[in-house]
Amino acid sequence: MHSDSKLLLALVCALAVSGVAIACLGGDASKPGAAASSGAAPAAKVGTATDWEWRDYLGDPGRTHHSPLAQIDRTNVAKLAPVWTYDTGPLDSALAQIQSNPIVVDGVLYGTTSRSQVFALDAATGEERWRFDPIANGSAAQGHNRGLVHWQAPEGGRILAACGQDLWALDAKTGIAIASFGRNGKTDLRAGLAHGTTGGDVTSPTPGAIYENLLILGTKVGETDGAAPGDIRAYDLVTGEMRWIFHTIPRRGELGEETWPKDAWQTRGGANSWSGVTLDRERGLVFLPTGSATPDFWGGDRAGANLFANSLLALDAKTGRRVWHFQFVHHDLWDRDLPAPPTLVTIERDGRTIDAVAQTTKAGYLFVFERETGEPVFPMETMNVPASDVPGEQLSP
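Just so you know, these numbers come straight off a predicted model, no measurement behind them.

Conventions adopted
Residues numbered from 1 in each chain as written. Predicted model: local features only at pLDDT ≥ 70, side-chain atom pairs only at ≥ 80, totals over all residues. Heavy atoms only, no water. Core = buried A, V, L, I, M, F, W, Y, C linked by side-chain atoms within 4.5 Å. Buried < 20%, exposed > 50% of the residue type's maximum accessible area, 1.4 Å probe, protein only. Helix = DSSP H or I, 4+ residues; strand = E, 2+ residues; numbered from the N terminus. Contact = heavy atoms within 4.5 Å. Salt bridge = Lys/Arg side-chain N within 4 Å of Asp/Glu carboxyl O. Pairing = 2+ DSSP bridges. Axes fitted to C-alpha atoms, helices over the stretch in contact; angles between N-to-C directions. pLDDT = per-residue confidence, 0-100. Polar contact = N/O pair within 3.5 Å; in protein donor to acceptor, adjacent residues only side chain to side chain. 1 Å grid on protein atoms, 1.4 Å probe; cavity = no way out; pocket = protein on both sides within 12 Å on 5 of 7 lines; lining within 4 Å. Points joined across faces, edges and corners; volume = space filled by probe spheres on them. Nonpolar A, V, L, I, M, F, W, Y, C, P; charged D, E, K, R; others polar.

Draft legend 1. Expanded view of the nonpolar core. Ranked by size, the top nonpolar core spans 19 residues in total, and within it Leu160, Leu167, Leu189 and Leu215 carry the most contacts. Of all the secondary structure elements, the ones that give two or more residues to this core are strand 8 (149-153), strand 9 (156-163), strand 10 (166-171) and strand 13 (214-217). Per-element tally for this core: the top contributor is strand 8, with 3 residues. The contact partners of Leu215, leaving out residues within four places of it in the chain, are Val149, Leu160, Leu167, Gly208, Ala209, Ile210, Arg233, Ala234, Tyr235 and Leu237. If you look at the next biggest cluster of nonpolar residues, it comprises 17 residues, including Tyr211, Ala234, Trp244 and Leu279.

Draft legend 2. A look at the pattern of salt bridges. One pass over the structure, following the stated rule, counts 19 salt bridges. Of the charged contacts, one joins Glu53 and Arg55 as a salt bridge, the two residues approaching to 2.7 Å between their closest N and O atoms. What makes Arg55 partly exposed here is its relative accessible area of 30%. Look at the salt bridges and you will find they share partners, linking Asp280, Arg283, Asp355, Arg371 and Glu372 into a network.

Draft legend 3. Focus on the sheet that holds strand 12 (residues 209-211). Pairing in this open sheet of 4 strands is antiparallel, and the strands run 12-13-14-15 from one edge to the other. A strand with exactly one partner marks an edge of an open sheet, and here the two such strands are strand 12 and strand 15 (242-246). Across the sheet, the axes of successive neighbouring strands diverge by a mean angle of 20°, strand direction being ignored. For strand 13 and strand 14 (residues 232-236), the ladder comprises 4 bridges, and the chain directions are antiparallel. Looking at the pairing, Leu214 lines up with Asp236 of strand 14.

Draft legend 4. Here's a closer look at the confidence of the model for the chain. In the predicted model, the chain carries a mean pLDDT of 88, and the fraction of residues at 70 or more is 87%. Contacts for the low-pLDDT stretch residues 1-18, under 50 throughout, to residues beyond four places or in other chains number 54 contacts. Here residues 27-50 is modelled with pLDDT under 50, and outside its nearest four sequence neighbours on either side it reaches 32 contacts, counting other chains as well.

Draft legend 5. Fine view of the environment of Val108. Note on placement: Val108 falls in strand 5 (residues 108-112). For Val108 and Glu127, which are 19 residues apart along the polypeptide, the C-alpha to C-alpha distance reads 9.8 Å. The residues touching Val108, leaving out its near neighbours within four places in the chain, are Ile103, Ala120, Leu121, Ala123 and Arg129.

Draft legend 6. Layout of the side chain of Ser100. Looking at where Ser100 falls in the secondary structure, it is placed in the loop between strand 3 (81-87) and strand 4 (103-105). Judged by its relative accessible area of 8%, Ser100 is buried. Reaching out from Ser100, the side chain makes a polar contact with the side chain of Thr112 at a distance of 3.4 Å.

Draft legend 7. Fine view of the layout of surface pockets. There is about 840 Å³ of room inside the largest pocket. Together, 24 residues line the largest pocket, and Phe328, Val329, His330, Met383 and Val385 are the ones closest to its centre. For the lining of the largest pocket, the residue count by class is 14 nonpolar, 6 polar and 4 charged.

Draft legend 8. Quick look at the pairing of strand 22 (residues 366-370). Alignment of strand 21 (residues 352-360) against strand 22, held across 5 bridges, turns out to be antiparallel. Counted as the bridge partner of Gln359 is Phe367 from strand 22. The antiparallel hairpin formed by strand 21 and strand 22 contains 5 residues in its connecting segment, where Gly364 sits at a positive phi of about 90°.

Draft legend 9. Representation of the environment of Ala124. One can find Ala124 in the loop between strand 6 (118-122) and strand 7 (128-132). Look at Ala124 and you get partly exposed, because its relative accessible area is 26%.

Draft legend 10. Here's a closer look at the sheet that holds strand 9. Spatially, the 4 strands line up as an open sheet ordered 8-9-10-11, and their pairing is antiparallel. The open sheet terminates on both sides in strands that have one partner only, identified here as strand 8 and strand 11 (186-188). The sheet shows a mean angle of 25° between the axes of neighbouring strands, direction not considered. Examined bridge by bridge, strand 8 and strand 9 share 5 bridges and lie antiparallel to one another. Its bridge partner being in strand 9, His150 is matched across the sheet by Ile159.

Put into structure tokens, the structure is as follows:
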């Protein structure tokens, strides 16, 4: 890849309004060093691939949104000019959002359209290499999609992308479904759940995280009575088979069972991790935030604190074993889902260097925990709330 392409890769965005992906460059991209002569910062030397790639959703497995690129800064960002555009297709009805955070691997940009079509572009020119339409291949439509995952298999790169009830594995070079994955290239995300599997509510619009040969994935489910449970799964990246499952609505004998009515797992739903997955690869820990139990605004028939809804879960990435958890809202009645994947941070406090995980909430608070133990880094207080005056409703004390 040419050194003058590095600047171009620093700013690639998907715009929901116009339905196009835009790459921007300062100066004349055809002349090495022209960006510097036009007032931009001097071009940085291209070193390892990590200098200019964006291989993971939100930048890295820790979801930091960080890039080490230094060529674009506050002094020259106003001088950026479009170099190429890519039309992702029409935006209409419910399929009118582009929430995709594209990734860039080996000079190829991979993204998804408002209709969850997967595309690959030459990142330097915007030229389309391939496009795959899951809906035309049997998947149900879904309202939005936030991106995809790249995995370097021994035999070549793979793109993992979900649409409707299906998780697809595609050849990164050609966009052709890999027939040996699942059934003809796709795995049904409804398989293995206790109930709620006949409808089209189970999907995974936010990319998962890769640990060794596993793809760890949360799901989006319905928000009304009869919705599927939001169990967290890990899938074999070669075969598409499920390797482990964590029940977010505990079954008989599992921790947290007592926080629900008896056998609630057979009928209750939600407690799903729709907003993303964060990985600490060195520690082998995966962090998943969950949403409310269903129905979202009525809990009269799900008395109790309802673990593991509205929680941050730290799981062993290899086995799915719970390491620790923190529940932000007991017995949620106001759809207080955790709205974003947590971020891995390292902070200094009281003379200590702490590897922490930070989770934001819909209320605007930021909770910070020690990664290995779940101990709060800053003081927290659990407060009692007044009893509900809604007939049949029992709030958690």
